[in-house]
Amino acid sequence: MLPRKLFNSSTPVTEVSPPLRLNQARFNDGDFASDDDEELDLDANSSSKESRQWGSTSKARAYSSSPRSRPFTLQPYFVALVAVTLGVTALLTYKRRTRDPASRFDIPHEPEYAQRTANWSWGHHEPHVTLTKMLDDLHEDDKATWDWLVQAREISNRGTPIGLSASDPPEPIRERRASGGRGPGQYREGSPEKYGKLASEWRTGQKVTACSTKDWAHRYAEKHQGVVNGTIKPELVEFVCRRNGECGGVADRLLGTVSSFALSLLTDRAFFVSWEFPVPFDLVFDSPHIDWSTPYHVEESNNVNPFYKDQHLANGPWVANTYNQFIPEIDKTHQDLFENKWWNHPWVEYAGNRGMVLRMFRQAYSARSLYLLGLNPDSAYSCLTDYLIRPKLDVNNFISQYTSFFQLPSIYTISIQIRTGDASMHKADVELENTVEKYQHYFRCADQIASTRARRDQKVVYYLLSDSEHLKADALARYPDKVVVSGLGASHPLEDDGTQKEAFTTADGMQDAIAESWIQESADFMIITMRSGFGKIQSFRRGQDGTTISLPRNGLWSGNDDMHVTDLSTLDCSVPEMYTTWTHLAGVWSYG
């Protein structure tokens, strides 16, 4: 127990200013230089590349004045050689353009999506009345803790807008910390473990996560920024998601994004995301560490990342497509990337809707390298996701109001994710069939979990998320003092008729799903739907194996070992044998 005097209620919550990170600034040998700097200390091997990429005559002069240089006169034969080289290069580039209209050397892929959503924003959302009613019923000490936590997390959980969302000039990318505020006060009741995490969050200014170490993080940021700046030969992994492409829903996309980022770490490559449909990735997420954006601009713009024009990438990308691949095919694809094909291609485009991070800990070609980075199966998804992305500011502020409540020591939250199917969003007769009675096994399971895992001095709360509005309304009527919902809608990101209105609607739906998933992750226990990736990645990100149960939608159930079938009415979620292991989750459906 921490003494009351440790916490100072008179100090407002503010942001701590950490050291500037390596981003959106050109640097050489560890020194930063702004766009207006007149000189760079270039050696003979880098001078031509720097002057070619940045077009700075003053920087070229910096080399010619070096003590190692000496004046020379261009000879006619040298001029002729350059002319021939340029002609051949132009011809090859033209052929490349005609073969691939979406070539990086011409214009970015599908800029119409950026144009259609350029003025879109999710906007401010108030929490649902189910949450505000529970906040009103809190003890005054818990309410004060919630107030502090919301303020702190609106700072510490933020990222920096990049790419299409970036300010002008771009804001430096940095990891934020909150300082000051009341803190969690003195321990009163509930879970001592949850109280200890809040006390640690007050001291450090950042939320406690499963990620215990990021020894690799700063070195990787330097490598990544070196590629962006052109000071390092470009070698990169690019996760792609394009119209009519192989992306899947939000959960599948995140599984693919995080898995491809793990590949970039293992092979020491920069990482970028070309998630274009229905809304560009940099309009959906911010970044706390690196600029992974691949800017979208109209044809006359010259602002596309210049490293894509580097001669080492002249042959274009090698495409690794794992969309809907099954075991063992997807394991073989990844093994080929490492052992046979990967190293000969500086630019790898990775498309896929499968999770592979946990499976890579079981493969000889990757397991040792992951452990050497300081990653382990319990923390990998937490570390990689938290390093790579953060929800947008408005979304983060909405999320914080829920997670700050769920993580109070006096609250025990069970998230219940019920995926009824896309038909519920389009067919009224199907939607009306979605009732608590039909999905009673989910709520019965939650009751059993609460009776065995919640403390007597904790209030039990069910956070219900579903693609069925009718089911949520029925649950609120049946459990008015226990169920909390977000009030957000449900949609699928593959639905887009090409109009701006539909693009805005789909983008809103995508942000709704992201908000729901981040809230779901903060629960003490998760009940998720089998054969749905939506709840799976949240379970991985929480970093607590053994706190998830996956259930079928209805009918008969095939258990974890896929060897027996059980009547749903006889399920007993109070026994640990019912808990769904990560090993199982990583071996079925969208994998992990």
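Small disclaimer: the values here were computed from a predicted structure and weren't measured. (Residues numbered from 1 in each chain as written. Predicted model: local features only at pLDDT ≥ 70, side-chain atom pairs only at ≥ 80, totals over all residues. Heavy atoms only, no water.)

Let's talk about the overall build of the chain
- Along the backbone of the chain there are 20 helices and 17 strands.
- The buried share of the chain, taken over its 592 residues, is 55%.
- Residue pairs at least 24 apart in sequence account for 76% of intrachain contacts in the chain once pairs closer than 6 positions are excluded.
- With the model as given, the accessible surface of the chain reaches about 26,000 Å², and the carbon-plus-sulfur share is 51%. (Helix = DSSP H or I, 4+ residues; strand = E, 2+ residues; numbered from the N terminus. Buried < 20%, exposed > 50% of the residue type's maximum accessible area, 1.4 Å probe, protein only. Contact = heavy atoms within 4.5 Å. Areas by Shrake-Rupley, 256 points an atom, 1.4 Å probe, with all protein chains shown as cover.)

Side note on the nonpolar core
- Membership of the largest hydrophobic core comes to 90 residues, with the highest contact counts inside it found for Trp216, Phe261, Phe271, Phe285, Trp292, Leu384 and Phe405.
- Here this core takes 10 residues from helix 9 (residues 250-266), the largest share from any one element.
- The residues touching phenylalanine 405, leaving out its near neighbours within four places in the chain, are Leu131, Met134, Leu135, Leu138, Trp146, Ile411 and Val461.
- Residues Ile416, Tyr439, Cys445 and Val460 belong to the second largest nonpolar core, which totals 30 residues. (Core = buried A, V, L, I, M, F, W, Y, C linked by side-chain atoms within 4.5 Å.)

As for the state of the cysteines
- Applying the stated criterion across every chain yields a total of two disulfides.
- With its sulfur 1.9 Å from that of its partner, cysteine 211 forms a disulfide with cysteine 383. On the sign convention where negative is left-handed, the bridge of cysteine 211 and cysteine 383, at about 105° about the S-S bond, is right-handed. Here cysteine 211 is found in the loop between helix 7 (192-204) and helix 8 (217-229), whereas its partner cysteine 383 is found in helix 13 (residues 380-388), with 172 residues between them in sequence. Judged on exposure class, the residue cysteine 211 and its partner cysteine 383 are both buried.
- For cysteine 445, the disulfide goes to cysteine 573, at an S-S distance of 2.0 Å. (Disulfide = S-S within 2.5 Å.)

Focus on helix 9
- The first and last C-alpha atoms of helix 9 sit 24 Å apart over 17 residues, in line with the 24 Å expected at 1.5 Å per residue.
- With 17 of its 17 residues buried, helix 9 lies for the most part within the structure.
- Once helix 9 finishes, aspartate 268 follows within two positions and takes phi at roughly 55°, a positive value. (Expected span 1.5 Å × (residues − 1).)

Structural notes on empty space enclosed by the protein
- Counted according to the given criterion, the structure contains three cavities of 30 Å³ or more.
- Of the volumes computed, that of the largest cavity is approximately 130 Å³.
- Around the largest cavity, the lining comprises 13 residues; the ones closest to its centre are Asp142, Thr145, Pro184, Gln186 and Arg188.
- Within the lining of the largest cavity, the residues separate by chemical class into four nonpolar, three polar and six charged.
- Space inside the second largest cavity adds up to approximately 40 Å³.
- Considering the residues around the second largest cavity, the lining is formed by Trp148, Ala152, Ser156, Ala178, Ser179, Gly180, Glu201, Trp202, Gly205 and Gln206.
- Counting residues per element, the ones that place at least two in the lining of the second largest cavity are helix 6 (140-156), strand 4 (177-179) and helix 7.
- Here the lining of the second largest cavity gets three residues from one element, more than from any other, and that element is helix 6.
- Of the residues contributing to the lining of the second largest cavity, the split by class is four nonpolar, five polar and one charged. (1 Å grid on protein atoms, 1.4 Å probe; cavity = no way out; pocket = protein on both sides within 12 Å on 5 of 7 lines; lining within 4 Å. Points joined across faces, edges and corners; volume = space filled by probe spheres on them. Nonpolar A, V, L, I, M, F, W, Y, C, P; charged D, E, K, R; others polar.)

That's the geometry; what it means functionally is another story.
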